[in-house]
Amino acid sequence: MRIKSMTATFGKLDHARLEPGPGLTLIHAPNEGGKSTWAAFWRTMLYGIDTRGRDKKGYLADKNHYQPWSGAPLEGEITLEYEGRDITIRRGPRGNTPFGAFSAVYTGTQEPVPGLTASNCGELLTGVGAEVFSRSAFLGDGNLSLTTAPELERRIAALVTSGEEDVSFSQAMDRLKSWKNRRQVNKSVGEIPKLEGELAQIRESLDQLGAVAAQTAQLEGERAALVRDQEELSRQLEAHRAIARQKLSDRYAQAEEEFQSARRQLDQLEAERAAHPVPDREALKQAQGELQYLKVLEEEIKQGSAALEERKETAAQAKEAVRDERFPNMTGEEAAAKAAADCAGHQIASENSKRLKKWHLFLHFLGVLGFTALVFLGISQMGPLFIGLGGGFYILLVSVSLWALFRGKTAKKQAEEILNRYGVQTPEELTALAQGYRERCQAADKAAHEVEVIQNAVTQREAKREAARAGLLDFVHPFAPEVKDMFGCSAALSRALSIDHDLALARERAEERRRRLDDLAAQGAKPGEEATLPLPVPTAGLEETERALARTGEQLEQITAQLNQVRGTLQAMGDPAALSAQAERLEEKLARRRLECDALTAAMDALTQANAQLQERFSPELNRLTGQYMARLTQEKYPAVTLTRELEGFVRTADGVLPRAALYLSRGTADQLYLALRLAVCQLCLPEKPPILLDDALASFDDSRLEAALELLWELSGEQQLLLFTCQKREGEVLAGTPGVTKLTL
């Protein structure tokens with residue numbers, strides 16, 4: 001198979017076209033030039049795109065990663081030479097599914113290629129699945145390391161055995177594990193645990209059958225005992241009822257006797273009432289109320305007389321407190337007016353005294369000043385006249401000043417005499433003294449008024465008392481003429497009222513006895529009935545017997561319900577013989593499954609031993625060819641290569657004894673090892689010889705090993721098309737002038 005052309009709208013590629021040569025094609029492009037995108041496009045056109053992939057942190061699914069930057073739909077076309085004919089493969093969108101549409105036709109026609117579909121396109125053209133292709137002919141992710149896969153393992157194993165690729169060790173081991181896991185995974189998963197669980201359930205059911213049968217027998221015994229207790233308690237309850245009927249008859253006889261007695265007492269009172277007629281009860285109650293009111297009047301008169309004496313004494317004291325020699329025979333208002341007038345006179349005299357004192361000082365100062373001025377003028381002018389005038393002026397002013405001083409002292413003395421008459425020091429004290437006198441006068445007037453009010457109230461109540469006494473005596477005399485005072489009146493009223501009250505009580509008592517007699521008769525009491533006790537005498541009281549009977553009935557219901565439930569459970573659990581037979585069948589089946597599980601374990605052990613032996617001689621052909629390629633790539637430094645089943649590589653130098661794992665190699669040497677391994681896998685395991693694509697696979701090689709690698713790739717390109725993508729120019733320089741090499745620049 002050979003690629004003739006590729007046209008892609010894929011990622012950054014927008015209707016881009018690539019036409020590689022038939023052998024080795026060197027494709028040069030800088031970083032972000034589309035090398036990895038062309039590589040991913042080639043793989044996706046063969047095996048499709050995973051539409052189920054989802055973006056993750058730090059990772060984009062291919063369906064999103066390679067969406068065209070131009071916004072156009074994801075699509076592409078490849079023209080291949082396959083089995084001597086050119087075919088054109090196209091993939092494009094179908095609805096919302098990227099690369100969902102697929103077609104494969106012979107180039108230049110619309111004739112579909114038989115058997116080539118979207119799902120088997122890559123495997124049919126390359127001869128291997130996507131896992132083997134990505135681990136051999138596709139070096140497009142910059143990582144040359146190689147891991148195993150079941151399909152690749154089968155193909156490599158076929159190089160050791162008969163060449164059959166239908167099965168691998170891992171698949172065989174997985175199948176044996178699946179069969180074993182079907183029988184037993186652990187203590188709870190598999191047919192064996194399931195059978196063990198079913199057998200345990202049946203055995204548990206058999207044990208439960210025995211326990212339920214024993215419980216049934218126990219409940220039946222308890223139920224029989226409760227039935228006997230219930231019958232005995234019923235007989236005792238009937239005895240209690242017979243005794244109650246006897247007591248009811250006795251109570252009826254007693255009630256009948258009490259009714260007859262009450263009736264006789266009522267007849268006696270009615271006869272007495274007819275012999276001594278009295279006013280009606282309402283009138284008697286009203287008269288009794290008047291008697292009570294009379295008592296209230298007596299108490300009010302007593303309290304009023306005491307209050308009157310107290311108020312008289314208070315009035316006398318208040319009158320005595322009013323007497324004051326400073327305000328003789330004056331009312332409070334007169335005293336207040338006189339004090340106000342004296343305070344005004346005191347204020348006028350005080351103000352005159354202060355004013356005259358000021359004039360005294362002023363005139364004295366003015367005289368001294370004038371005298372000094374005239375004397376100074378006389379001395380300065382040498383005139384005695386001015387000195388004489390100054391002396392006269394001074395004497396005049398001093399005389400007036402002394403007169404003002406005398407008048408001021410007289411006014412001050414008058415003001416002091418006003419206050420001294422009242423024995424106070426200030427006008428405010430005089431005002432307070434007059435106010436106190438007025439308040440005492442008001443208190444005395446108030447006390448006198450209260451005496452007058454209380455005296456009038458006492459007089460009124462005494463008049464009402466006399467009128468009430470006369471009215472009560474007039475009311476009582478018709479049915480009690482012997483009454484002379486209020487005590488007798490009270491006794492007569494009480495006696496008259498008691499007759500009606502006793503008569504009413506007697507009537508109520510007789511009616512109550514009659515109703516009681518009727519109630520007892522309604523309860524079934526019969527006069528003269530004698531009770532018989534055919535039943536045993538009860539050992540407990542009535543209430544205790546009733547509670548015991550109710551409790552026994554509840555227990556009997558519970559036991560009966562439990563017994564029915566247990567019987568239903570016993571019936572639902574099935575026949576013990578059938579359960580025993582089922583247990584035997586399960587034991588036989590369990591033994592078979594355990595035997596099969598042991599056999600599978602032995603088979604897995606044998607397969608593991610065989611795999612260990614195969615690992616000792618794992619694919620000598622692959623080791624040999626990988627070693628040849630590794631020797632050429634490293635200029636014979638590492639001529640021998642050994643691979644494990646996990647495709648972990650070990651190299652050995654020409655003169656070395658111990659192999660060295662790839663982990664101990666430099667990155668460039670490790671890449672050369674895995675490049676040799678991938679090329680060997682392509683030669684041995686890919687029968688269809690598909691094109692080999694390398695994306696910057698030689699970036700870590702030094703110059704000498706780069707030349708060796710390019711020489712090897714050029715030789716292999718004679719049998720198999722190779723596409724080498726690179727971002728460096730040294731590959732082109734090494735291959736300059738080499739025939740059969742196609743160089744492209746993106």
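Throughout, residues of each chain are indexed from 1 in the direction in which the sequence is written. Residues qualify for local features only when their pLDDT is at least 70, as the model is predicted, and side-chain atom pairs are given and counted only at 80 or more; totals for whole chains, interfaces and linings, by contrast, use all residues. To obtain the side-chain values, all non-hydrogen atoms of the structure were used and water was disregarded.

Thoughts on the overall build of the protein
Tallying secondary structure elements over the protein gives 18 helices and 13 strands in all. Burial status across the protein gives 38% buried among its 746 residues. Of all intrachain contacts in the protein linking residues separated by at least 6 positions in sequence, the fraction that spans at least 24 positions is 71%. By element, 53% of the accessible surface of the protein is carried by carbon and sulfur atoms, the whole surface being about 43000 Å². Strands here mean DSSP runs of E at least two residues long; helices mean DSSP runs of H or I at least four residues long; both are numbered from the N terminus. Relative accessibility decides the category of a residue: with a 1.4 Å probe and only protein chains considered, values under 20% of the type maximum give buried, values over 50% give exposed, and everything between is partly exposed. Any pair of residues with heavy atoms lying within 4.5 Å of one another is described as a contacting pair. Each accessible area value is a Shrake-Rupley result obtained with a 1.4 Å probe; residue values ignore everything except the protein chains displayed when judging cover.

Quick look at the sheet that holds strand β1 (residues 2–10)
In this analysis, strands are considered paired if DSSP registers two or more bridges between them. Taken in spatial order, the five strands make up an open sheet running β2-β1-β4-β5-β6, and their pairing is antiparallel. Looking at strand neighbours, the two that pair on one side only are β2 (13–18) and β6 (97–106), the edges of this open sheet. Between one strand axis and the next, the sheet turns through 15° on average, direction left out of account. To obtain each axis, a line is fitted to C-alpha atoms, and for helices this fit is confined to the stretch in contact; angles are then taken between N-to-C directions over 0 to 180 degrees. Where helix α1 (residues 35–47) meets the sheet, it contacts β1, β2, β4 (75–82), β5 (85–94) and β6, and its direction lies at approximately 105° from that of β1.

Brief notes about the nonpolar core
The biggest cluster of nonpolar side chains holds 80 residues, and the ones touching the most others in it are Trp 42 and Leu 125. The greatest single-element share of this core, amounting to 11 residues, is contributed by helix α16 (residues 667–685). Those residues within four positions of Trp 42 in sequence are excluded, and the remaining contacts are Met 1, Ile 3, Met 6, Ile 78, Leu 80, Phe 133, Phe 138, Pro 691 and Leu 693. One finds Val 322, Cys 343, Tyr 422 and Ala 444 within the second-largest nonpolar core, a separate group that totals 21 residues. Buried Ala, Val, Leu, Ile, Met, Phe, Trp, Tyr and Cys residues form a nonpolar core when they are joined through side-chain atoms within 4.5 Å.

Let's talk about the pairing of strand β9 (residues 649–652)
Here β9 shows a buried face lined by Gly 649 and Val 651 and an unburied face lined by Phe 650 and Arg 652. Pairing between strand β8 (residues 640–643) and β9: four bridges, direction antiparallel. Paired with Val 641 across the strands is Val 651, a residue of β9. Counted between consecutive antiparallel strands, the loop separating β8 from β9 contains five residues, among which Leu 647 sits at a positive phi close to 65°. Sheet analysis places β9 next to strand β10 (residues 660–661), joined by two bridges and oriented antiparallel. Bridge assignment links Val 651 to a residue of β10, and that residue is Arg 660.

Quick word on the pattern of salt bridges
Salt-bridge detection follows one rule: a side-chain nitrogen of Lys or Arg within 4 Å of a carboxyl oxygen of Asp or Glu. For the structure on display, the rule yields 27 salt bridges. For Arg 263, the salt bridge goes to Asp 267, with nearest N and O atoms at 3.9 Å. With Arg 263 and Asp 267 both in helix α7 (residues 191–275) and four residues apart, the pair spans about one turn of that helix. According to the relative accessible area criterion, Arg 263 is partly exposed, its value standing at 38%. Residue Asp 267 is classed as partly exposed on the basis of its relative accessible area, which comes to 38%. A salt bridge links Asp 518 to Arg 514; the shortest N-O distance between them is 2.8 Å.

Some thoughts on the layout of surface pockets
Lining residues are defined by having an atom within 4 Å of a point belonging to a cavity or pocket. Those points lie on a 1 Å grid over the protein atoms alone, cavities being sets where a 1.4 Å probe fits but cannot get out and pockets being open sets with protein on both sides within 12 Å along at least five of seven lines. Grid points are joined across faces, edges and corners, and a volume is the space filled by probe spheres set on the points. Approximately 640 Å³ is the volume attributed to the largest pocket. Along the wall of the largest pocket there are 26 residues; nearest its centre are Arg 43, Thr 44, Asp 62, His 65 and Tyr 66. Where the lining of the largest pocket is concerned, the elements lending two or more residues are α1, α2 (62–65) and α4 (130–134). Considering every element that reaches the lining of the largest pocket, the biggest residue donor is α1, with six residues. By the convention adopted, Pro, Cys, Tyr, Trp, Phe, Met, Ile, Leu, Val and Ala count as nonpolar, Lys, Arg, Asp and Glu as charged, and the other residues, Gly among them, as polar. Of the residues assigned to the lining of the largest pocket, the class counts are seven nonpolar, 11 polar and eight charged.

Section: the packing of aromatic side chains
Two aromatic rings from Phe, Tyr or Trp, using only the six-membered ring of Trp, form a pair when their centres are within 6.5 Å; if the ring planes differ by under 30 degrees the pair is stacked, by over 60 it is edge-to-face, and anything between is tilted. All told, the structure shown has six aromatic pairs when counted by the stated rule. Seen from their ring centres, Phe 10 and Phe 41 are 5.5 Å apart, and the 65° between their planes marks the pair as edge-to-face. Of this pair, Phe 10 sits in strand β1 while Phe 41 is found in helix α1, placing the two residues 31 residues apart along the sequence. Remark: a charge is flagged as sitting over a ring if the NZ atom of Lys or the CZ atom of Arg is within 6 Å of the ring centre and within 35 degrees of the ring normal. Stacked on the ring of Tyr 106, the Lys or Arg Arg 85 has its end atom at 3.7 Å from the ring centre.

With respect to the side chain of Thr 37
For Thr 37, the location among the structural elements is in helix α1. What makes Thr 37 buried here is its relative accessible area of 13%. If we skip the residues at most four places from it in the chain, Thr 37 touches Phe 10, Gly 11, Lys 12, Leu 13 and Tyr 66.

A few points about the sheet that holds β10
The strand order β8-β9-β10 describes an open sheet built from three strands, whose pairing is antiparallel. Among the strands making up the open sheet, the edge pair consists of β8 and β10. Packing of helix α15 (residues 620–633) onto the sheet brings it into contact with β8 and β9, and relative to β8 it is tilted by some 140°.

Digging into helix α8 (residues 281–322)
Each α-helix winds once per 3.6 residues, and so residues spaced three or four apart point in a common direction. A helix is expected to span 1.5 Å multiplied by its residue count minus one. Over its 42 residues, α8 extends 60 Å from the first C-alpha to the last, a length consistent with the 62 Å expected when each residue adds 1.5 Å. Regarding α8, the residues found buried are Leu 284, Ala 287, Leu 291, Leu 294, Leu 297, Ile 301, Gly 304, Leu 308, Ala 315, Ala 318 and Val 322.

What about a nonpolar patch on the surface?
Judged by side-chain polarity, Trp 359, Phe 362, Phe 365, Leu 366 and Leu 369 come together as a nonpolar surface patch covering roughly 530 Å² of accessible area. Along the chain, Phe 362 turns up in helix α9 (residues 332–381). Here Phe 362 falls in the partly exposed class, since its relative accessible area comes to 46%. Each patch is built from residues that are more than 30% exposed by relative accessible area and take part in no salt bridge. Like charges join if they lie within 9 Å; nonpolar side chains (Val, Leu, Ile, Met, Phe, Trp, Tyr) join within 5 Å.

Observations regarding the environment of Leu 673
Relative to the elements of secondary structure, Leu 673 occurs in helix α16. Each C-alpha atom of the pair Leu 673 and Tyr 629 lies 8.5 Å from the other, and the pair is 44 residues apart in sequence. Residues within four places of Leu 673 in sequence aside, it is in contact with Thr 626, Met 630, Val 641, Gly 649, Val 651, Ala 662 and Leu 665.

A closer look at the packing of α8 against helix α11 (residues 427–476)
Contact geometry of α8 with α11 gives a least axis separation of 7 Å together with a crossing angle of 155°. Relative to α11, the element α8 is oriented roughly antiparallel. The element α8 and its partner α11 pack so that their crossing is left-handed. Each angle receives one of four descriptions, namely roughly parallel if under 35 degrees, roughly antiparallel if over 145, roughly perpendicular if within 65 to 115, and oblique otherwise. By definition, any crossing whose near helix is turned counterclockwise from its far helix by less than a right angle is left-handed, and any crossing with a clockwise turn is right-handed.

Points about unusual backbone geometry
Its identity is not glycine, yet Gln 635 carries a phi of approximately 55°, on the positive side. Summarising the element assignment, Gln 635 is placed in the loop between α15 and β8. Owing to a relative accessible area of 44%, Gln 635 belongs among the partly exposed residues under this scheme.

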